[in-house]
Amino acid sequence: MLVITGRTDPRIHTPENLLQIVGDRKKRTVLYLTGMASDTFMAFEQAGFPFINITTDASVTGLVNLIAQVDANAVYRASRAAAIRASMSNKIANSVVDLFARLRANPVAPKLEELSRQRRAMKELIGKSPMSAWIDLIRNYHDGTAEH
């Protein structure tokens, strides 16, 4: 699926120009453009673009609703991926908070097996999340470590 969004520019947003860009994906292309004149809308419709929205309020909700018309499963997959990312973020936050809480409570170096377990858990979580989430969490506890 291809989504073209923004303010309509009649010099760029013509059926001819966009057909060159989208090629055979035309039937799965969403035009979500503000400020489109009715004659331009009709030209796109005649060129075979089935999903056109010329709203004056280009909201995310409106775009999601239009995408759902093209491919309801795409909206489901995106929602599911967002929920998984949120769940991972919570798991990461809890792990980092727990680690630092234990280090503060008992600043004595942990045993080697505990370090290995923590390292494996952190590697697994890091692989499933953006590094920026880790850095922000660590910065809350120790700026120097986050900078490192």
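Before going into details, it helps to say that this report is about the structure given with it. (Residues numbered from 1 in each chain as written. Predicted model: local features only at pLDDT ≥ 70, side-chain atom pairs only at ≥ 80, totals over all residues. Heavy atoms only, no water.)

**Some remarks on the packing of aromatic side chains**
Under the counting rule described, the total for this entry stands at 1 aromatic pair. Consider the rings of F44 and F49, whose centres lie 5.3 Å apart with planes at 85°: the pair is edge-to-face. Each member of the pair, F44 as well as F49, carries the same accessibility label: buried. (Phe/Tyr/Trp six-rings, centres within 6.5 Å; stacked < 30°, edge-to-face > 60°. Buried < 20%, exposed > 50% of the residue type's maximum accessible area, 1.4 Å probe, protein only.)

**Re the sheet that holds strand β2 (residues 29-34)**
Sheet architecture is open: 3 strands sit in the order β1-β2-β3, paired in parallel fashion. Taken across any chain shown, the strands that pair with only one partner, and hence form the sheet edges, are β1 (2-7) and β3 (51-53). Mean inter-strand twist for the sheet, computed between neighbouring axes without regard to direction, equals 10°. (Pairing = 2+ DSSP bridges. Helix = DSSP H or I, 4+ residues; strand = E, 2+ residues; numbered from the N terminus. Axes fitted to C-alpha atoms, helices over the stretch in contact; angles between N-to-C directions.)

**As for helix α3 (residues 60-70)**
Listing the buried residues of α3 in full gives G62, L63, L66, I67 and V70. The arc enclosing the buried residues of α3, seen along the axis, measures out at 135°, which places them on a common side. Buried positions along α3 lie against β1, β2, β3 and α4 (72-105). (Arc of directions from axis to C-beta. Contact = heavy atoms within 4.5 Å.)

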